[in-house]
Amino acid sequence: MVELGINAIEEKWRRYWEKEGIYSFNPKSKKKVYSIDTPPPTVSGEMHIGHACSYSQQDFIVRYKRMKGFEVFYPFGTDDNGLPTERLVEKRKGVKARDMSREKFIELCMEFLKEERPKYIQDWKNIGISCDWNILYSTIDSHSRRISQWSFLDLHKKKRVYRKDAPSMWCPECKTGVAQVEIKDKEVDSTFNDIVFKVEGKTLIIATTRPELLPACVAVFYHPSDKRYKKLKGKMAKVPLFDMEVPIMEDERADPEKGTGIVMCCTFGDQTDMEWQKAHNLSIKMAISEEGRMTELAGKYKGMSIKEARKNIINDLKEEGLLIKQEPIKHFVNVHERCGTPIEFIKSKQWFVKYLDLKKDMLKWGEELEWHPKFMKHRYDNWVKGLQWDWLISNQRYFGVPFPVWYCKKCDEPIIAEEKQLPVDPMKDKPFAKKCSKCGSSEFVPETDVLNTWFTSSMTPQLSTYLIKDKEVQKKIFPMDLRPQAHDIITFWLFNTMVKSRLHFGKNPWKHTAISGFVTLEGEKMSKSKGNVVRPREVIEKYGGDAVRYWASSSKLGEDINYQEKDVLSGKKFVVKMLNAANFVFMTSRFLKPDGNLEGAQESTKSDKILDNLKYEKKMPKILESDRLFLKELNKVITSTTEAFEDFNYSKAKLEADGFFWKTFADNYLEIVKYRIYNGTTEEKASAGYALYQGLLAILKMMAPFTPYITEEIYQQHFSKNEGKKSIHIEEWPIPLKIKENKTDDEVWDKLIEVMTLTRQKKSEAKKSVKVEIILSLPKKDLELLDKVLGDLKSVLNAREIRESKELEVEFV
């Protein structure tokens, strides 16, 4: 006796696929290429359940396309530069980047990635992702750095990047500039503080949630239609605690309904402050430093954190009778999506990609893309319409792709690297230029900032395509066919890749995008802080990769899916049932135990191994009526699953194929032909054998995108020698069989199943064995309708005879 677990089966075929190159891209193939811009996951220790779900969902579509005859280009990459990698290295190695030399920290990051990346990638292999693992990139490798830096050079030539000393969003925690795409709204508890300003000795109440910005106040604004404050126009307001006066001005952006209707403008509290400063040419006062602490401008509050300064300023306002009222409120603030820290606005020199002038074009680009599901396009459109900033691409971090830039030490003129230098590190390398073109100086200083990680990730079509050196093949790959991704990064990855492709190449980077949803636990988004994280490694170890994929296929594309272990268990039950059904069809005694182990691996010694004896004749034998009706049902499900896949509706495809296997094939058809398999004539056995073979093979093919391991196991055991393919995953997708059809076929089949179901129910209600012999009575019209299948009906129900009556009756013998 041999026992082999599901995990061992999956490991066996995983090794086989890699050894045989089943998923390898063949650049010399004459087939039409189907290319995928695979999302490169951020190296974060191990796969999370959201990854397992979304990558499985994209893999369903990819496997279908491969079986439809495409030469599939399915690369894999890892996103491992920038802040997330820095944070992970600091945590794992117990260090702080700021306490080490930049060079030493970068070395540590590279060593860490060399250790971790193979283990991380293995999680994707375990879930059965059918990438070509030889087309592999890292967003920090020299290949990716070269392409990212080329992107900067090309945009610079096209005057689409610029450097400006201007207010920009800043994260005090991460100590880096932040792009609009990297912020999110977070509802927080706060307080409206009614503070006393003085105008010609009279009290003016202004409400603010940020009293710590008082030293940066440069003006006071009210709405032009607000009659309460019309008389104050052109006067000066004295700022409490700080011995300075600021002008009182009109502006339509002031909200009469918010607070007291009159507001202080500080440089800078938010986007509106920035707009006011620019529109009215106000001075700039920076009260908060890049470290998130108060500057000299704050006087005695210098050096305090933002929270400390707020607390102390409020106390001082109270002591001096300048705080009239406090009202607790909830409001939304912009926070850095990486760490959740509220964003500040700091004046500094940063690099930007100019694209605000392209908003109308961006909407047109979105129209040209096929969205699956269609409603996800609204997120793209809303993002474009809400853009207020050009794209900030500078990050003040240690680990990332360097800007290919130096500056003239004398006049600060940027010195841009030449393309043949790439990839370049200005901290180590020198520019080809010997002198500054502006002032003639020969002294240069390197740019120490790194490119925002999305600047590199937005080049993923090129990061993968350019690994193929044949330019003619590159043209077949790009523009790519599919961008699969989660909905939360439409504004990050999809949008920026679209922008880059249009600016560089004048075309959309893909034809289709498939957007997946989130995975929740009891309706809540998973997070480590909540302790509600599901680890795929543990789930796969317990149930197998096929079971996890089966669960992932149960939700529609774009919909959030709730993780429930019972759904994964259903996947394992499917695996067990599929193998047992196949073993019955091929007359072996090799069956799976309920726990998923194989028991009794030896072949049956029965002489009537029907399908083996048929030698899998390709020519269709004479088909009996029940078998013809079954094949007709098979054709219907082949058609419906194909149509669903063509519409990216993998969940419907799985539902159709899975339902057909359980209800039509396993519950009914196997029972219908069981008697003939054991006791029929040669002709009867041949008809049943053909239908069983074709039915099971088609089911395997239809379920192969969802459960690749068990379908491969069964295919290799029983079909590969006859079908002539090295793997079911390079088999042809099933097409309907050419069989005769009659108008009454559906009616006959439905009635056959109805009679079987009702009779079984009556046996169960009478607490009789399903094998108990009966006399079955049916109405005349049913007898006439079922005339050609009565033989099989008698066998499956163990009916001694079938009589005519007014209604269905069962008599136990």
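Okay, so let's go over this structure. Quantities reported herein were computed from a predicted structural model and do not represent experimental measurements.

**A look at the overall build of the protein**
Within the protein, the secondary structure is distributed over 25 helices and 31 strands. Overall, the C-alpha framework of the protein stretches about 110 × 65 × 45 Å when taken along its three principal axes. Burial statistics for the protein: of 813 residues in total, 57% are counted as buried. In the protein, once contacts between residues fewer than 6 apart in sequence are set aside, the share between residues at least 24 apart is 75%. Of the roughly 36800 Å² of accessible surface on the protein, 49% is carried by carbon and sulfur atoms. Here the protein holds 137 positive side-chain charges and 122 negative ones, and the gap between their average locations is 3 Å.

**Topic: the nonpolar core**
The biggest cluster of nonpolar side chains holds 172 residues, and the ones touching the most others in it are Phe 665, Leu 776 and Leu 793. If near-sequence neighbours (up to four positions away) are discounted, Leu 776 is found in contact with Val 755, Thr 759, Leu 793, Leu 797, Ala 799, Glu 801, Ile 802, Arg 803, Leu 808, Glu 809 and Val 810. Ranked by size, the runner-up nonpolar core spans 38 residues in total, among them Cys 217, Ile 248, Ile 288 and Leu 323.

**Here's the deal with the sheet that holds strand β31 (residues 809-812)**
Here we have 3 strands laid out as an open sheet, ordered β30-β29-β31, and mixed in their pairing. Whereas interior strands pair on both sides, the edge strands pair on one side only; in this sheet they are β30 (799-804) and β31. Shown here is a sheet whose adjacent strand axes are inclined to one another by a mean of 20°, direction ignored. Summarising the sheet, strand β29 (residues 774-778) and β30 pair through 5 bridges and their orientation is parallel. Each bridged residue has a counterpart across the sheet, and for Leu 778 the counterpart in β30 is Glu 804. Across the face of the sheet, helix α23 (residues 745-765) comes into contact with β29 and β31 while running at roughly 135° to β29.

**Here we look at the environment of Ser 555**
Structurally, Ser 555 is set in the loop between α15 (545-552) and β26 (561-562). With sequence-adjacent residues up to four places away left out, Ser 555 is seen in contact with Gln 57, Ile 561, Tyr 650 and Ser 651. Side chain to side chain, Ser 555 and Gln 57 meet in a polar contact 3.2 Å long.

**Some thoughts on the pattern of salt bridges**
Using the criterion set out here, one finds 56 salt bridges in the structure. In this structure, the salt-bridge partner of Glu 116 is Arg 92, at a minimum N-O distance of 3.5 Å. Taken together, the residues span a long stretch of sequence, with Glu 116 in helix α4 (residues 102-126) and Arg 92 in helix α3 (residues 83-93) at a distance of 24 residues. Judged by relative accessible area, Glu 116 falls into the buried class, the value being 9%. A relative accessible area of 43% places Arg 92 in the partly exposed class. A salt bridge links Asp 792 to Arg 676, with the shortest nitrogen-to-oxygen separation between them at 2.9 Å. Taken together, the residues Asp 792 in helix α25 (residues 790-797) and Arg 676 in helix α19 (residues 650-679) connect sequence positions 116 residues apart. Salt bridges here are not isolated pairs; linked through shared partners, they connect Glu 625, Arg 628, Lys 632, Glu 633, Lys 636, Asp 745 and Asp 746.

**Comments concerning the sheet that holds strand β15 (residues 370-372)**
Reading across from one edge, β15-β23-β22 is the order of the 3 strands in this open sheet, with parallel pairing throughout. Of all strands in the sheet, those with a lone pairing partner are β15 and β22 (480-486), marking the two edges. Across the sheet, the mean angle separating the axes of adjacent strands is 20° when strand polarity is ignored. Two strands pair when backbone bridges link them, and β22 and strand β23 (residues 510-516) are joined in this way by 6 bridges, in the parallel orientation.

**Considerations on the packing of aromatic side chains**
Under the defined criterion, the tally for this structure stands at 44 aromatic pairs. Geometrically, the ring pair formed by Tyr 55 and Trp 124 is edge-to-face, given 5.4 Å between the ring centres and 85° between the ring planes. Of this pair, Tyr 55 sits in helix α2 (residues 49-67) while Trp 124 sits in helix α4, placing them 69 residues apart in sequence. An identical accessibility class is assigned to Tyr 55 and Trp 124; each is buried. What links up through ring pairs into an aromatic cluster is the set Tyr 550, Phe 574, Phe 630, Phe 660, Phe 661, Trp 662, Phe 665 and Tyr 669. Over the aromatic face of Trp 17 sits the side chain of Arg 63, whose NZ or CZ is 5.5 Å from the ring centroid. The ring of Trp 133 carries Lys 125 above its face, with NZ or CZ at 5.4 Å from the centroid.

**A look at the packing of helix α8 (residues 359-368) against helix α13 (residues 490-505)**
Here α8 crosses α13 at 105°, and the two axes come no closer than 11 Å. It follows that α8 is roughly perpendicular to α13 by the angle criterion. In this structure, α8 uses Met 362, Trp 365, Gly 366 and Glu 368 to contact α13, whose residues at the interface are Phe 495, Met 498, Val 499 and Arg 502. For the contact of α8 with α13, the residue count by class is 5 nonpolar, 1 polar and 2 charged.

**Some details on the side chain of Asp 481**
Its location among the elements puts Asp 481 in strand β22. Assessed through its relative accessible area of 9%, Asp 481 is described here as buried. Polar contacts involving the side chain of Asp 481 include one to the main-chain amide nitrogen of Ser 35, which spans 2.9 Å. When residues no more than four places from it in sequence are discounted, the contact partners of Asp 481 are Val 33, Tyr 34, Ser 35, Trp 510, Lys 511 and His 512.

Procedures and definitions
All residue numbers refer to positions counted from 1 along the written sequence of the respective chain. Since the coordinates come from a predicted model, pLDDT governs what is reported: local features require at least 70, and pairs of side-chain atoms require 80 or more to be given and counted, while whole-chain, interface and lining totals use all residues. The basis for the side-chain values is all heavy atoms of the structure; hydrogens and waters are excluded. Every helix listed is a DSSP run of H or I at least four residues long, and every strand listed is a run of E at least two residues long, numbered separately from the N terminus. Only protein chains enter the accessibility calculation, which uses a 1.4 Å probe; a residue is then buried when its area is under 20% of its type maximum, exposed when over 50%, and partly exposed in between. What makes two residues a contact is simply this: any of their non-hydrogen atoms within 4.5 Å. The method behind every accessible area is Shrake-Rupley, applied with a 1.4 Å probe, and residues are considered shielded solely by the protein chains displayed. Charge convention: Lys and Arg are scored as positive, Asp and Glu as negative, and His as well as the terminal groups of each chain are ignored. Throughout, a charge is located at the NZ atom of Lys, the CZ atom of Arg, the CG atom of Asp or the CD atom of Glu. Residue types Ala, Val, Leu, Ile, Met, Phe, Trp, Tyr and Cys, when buried and joined through side-chain atoms within 4.5 Å, form a set referred to as a nonpolar core. Strand pairing is defined by DSSP finding a minimum of two bridges between the two strands. Axis geometry follows a simple rule: fit a line to the C-alpha atoms, using only the stretch in contact for helices, then measure angles between N-to-C directions, giving values from 0 to 180 degrees. Residues adjacent in sequence count toward polar contacts only when both atoms are side-chain atoms; beyond that, a polar contact is any pair of N or O atoms within 3.5 Å, and within protein one must be able to donate a hydrogen and the other to accept it. Any Lys or Arg side-chain nitrogen located within 4 Å of an Asp or Glu carboxyl oxygen qualifies as a salt bridge. Classification of ring pairs rests on two measures: the distance between centres of Phe, Tyr or Trp rings, Trp counted by its six-membered ring, which must be within 6.5 Å, and the angle between planes, read as stacked under 30 degrees, edge-to-face over 60 and tilted in between. Look at NZ for Lys and CZ for Arg. If either is within 6 Å of the ring centre and within 35 degrees of the ring normal, a charge sits over the ring. Oblique is the label for any angle not covered by the other classes, which are roughly parallel (under 35 degrees), roughly antiparallel (over 145) and roughly perpendicular (65 to 115). Following the grouping adopted for this structure description, the nonpolar residues are Ala, Val, Leu, Ile, Met, Phe, Trp, Tyr, Cys and Pro, the charged ones are Asp, Glu, Lys and Arg, and the polar ones are all others, Gly among them.

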